Amino acid sequence: TDCLVDAQMRHGADVVQRYKLAIDLRPKWDRAYFGCARVFDSMLASRRRELVDATQGGVAGEIGMGAIYADGVCNFDTVVHEHAKAAITHYSLCLEHSAKYAETALPRLLTLWFEFAAIDAAAMADFSKTPAPAGASQEETNRHKERIAGGVSSLKRFQAAITETIKHMRKNVQAAVIYGAIQQILSRAG
């Protein structure tokens, strides 16, 4: 599976299925968790590019919440949330089983967590006051507001889920592995 990914012969759901099969066959295999996390991370980056392209191309309304793109992350997009949550979860599981990939997995896991946990969902709710696209009917305006409200609740659920993943990781990953990230944690806290 790693070879297929590295050669860019397969990507997306096909590769995720192969990694999940490997995880089912060997539940403590850190390499499978790490590979799966990298695939989800790649899918996350791809989705972000897709949303930016849609926003810049003037067709933002065609892709979910593409019109609301703040700080490099589409804060309301549920696909972004799912990919990020899956990447964080798999990086965490990789670290639970071994410290072999800690140099790569831990910084990436923390970066994703810090990035998404820092989004203020209450402030994002103010986007519901943003006008719908010009010339929109009342029905389209209502759909616009519903998408934003749904995005805010999705963001809150997503943030709660990734915080629980980090709490679980903190209990199950060896302290020596986490000590390697003290500098990154302190730089964000200050």
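Residues numbered from 1 in each chain as written. Predicted model: local features only at pLDDT ≥ 70, side-chain atom pairs only at ≥ 80, totals over all residues. Heavy atoms only, no water.

K.L.:
So what exactly am I meant to see when it comes to the overall build of the chain here?
P.N.:
What the chain contains, in helices and strands, is nine helices and zero strands. The secondary structure elements of the chain, listed N-terminal to C-terminal, are α-α-α-α-α-α-α-α-α. Looking at the 190 residues of the chain, the share that counts as buried comes to 42%. The contacts in the chain between residues at least 6 apart in sequence include a share of 68% that link residues at least 24 apart. As displayed, the chain has an accessible area near 10700 Å², and 53% of this comes from carbon and sulfur atoms. (Helix = DSSP H or I, 4+ residues; strand = E, 2+ residues; numbered from the N terminus. Buried < 20%, exposed > 50% of the residue type's maximum accessible area, 1.4 Å probe, protein only. Contact = heavy atoms within 4.5 Å. Areas by Shrake-Rupley, 256 points an atom, 1.4 Å probe, with all protein chains shown as cover.)

K.L.:
Is there a simple way to explain helix 5 (residues 102–117) in this structure?
P.N.:
Residues spaced three or four apart along an α-helix point in a common direction, a consequence of the helix completing one turn every 3.6 residues. In this model helix 5 runs 21 Å from its N-terminal to its C-terminal C-alpha over 16 residues, within 8% of the 22 Å that 1.5 Å per residue would give. Among the residues making up helix 5, those that are buried are Ala102, Ala105, Leu106, Leu109, Leu110, Leu112, Phe114 and Phe116. (Expected span 1.5 Å × (residues − 1).)

K.L.:
Just checking my understanding: could you explain the environment of Arg108 for this structure?
P.N.:
Relative to the helices and strands, Arg108 is located in helix 5. Residue classification places Arg108 among the partly exposed positions, given a relative accessible area of 25%. Separated by 70 residues in the primary sequence, Arg108 and Arg38 place their C-alpha atoms 9.6 Å from one another. Not counting residues up to four positions away in its chain, the partners in contact with Arg108 are Asp41 and Tyr91.

K.L.:
Sorry, what's going on with a nonpolar patch on the surface here?
P.N.:
Taken together, the side chains of Tyr179, Ile182, Ile185 and Leu186 make up a nonpolar region of the molecular surface, amounting to roughly 400 Å² of accessible area. The element that contributes the greatest number of residues to the nonpolar patch is helix 9 (residues 182–189), accounting for three residues. When you line up the elements, Tyr179 lands in helix 8 (residues 175–179). (Patch = residues over 30% accessible without salt bridge, like charges linked within 9 Å, V, L, I, M, F, W, Y side chains within 5 Å. Salt bridge = Lys/Arg side-chain N within 4 Å of Asp/Glu carboxyl O.)

K.L.:
Looking at this structure, how should I read the nonpolar core?
P.N.:
The nonpolar side chains of soluble globular proteins are, as a tendency, buried together. Formed by 42 residues in total, the largest nonpolar core has its most connected members in Phe40, Tyr91, Leu95, Leu106, Leu109, Leu112 and Phe116. Of all elements in the fold, only helix 2 (13–25), helix 3 (30–56), helix 4 (78–97), helix 5, helix 7 (138–172) and helix 8 reach the threshold of two or more residues within this core. Looking at which element gives the most residues to this core, the answer is helix 3, with 10 residues. (Core = buried A, V, L, I, M, F, W, Y, C linked by side-chain atoms within 4.5 Å.)

K.L.:
Quick question: what am I supposed to make of the environment of Ala22 here?
P.N.:
When you line up the elements, Ala22 lands in helix 2. Looking at Ala22, the relative accessible area reads 16%, which means it is buried. Residues Ala22 and Tyr33, spaced 11 residues apart in sequence, show a C-alpha to C-alpha distance of 8.9 Å. Dropping the residues within four chain positions of it, Ala22 is found in contact with Trp29 and Ala32.

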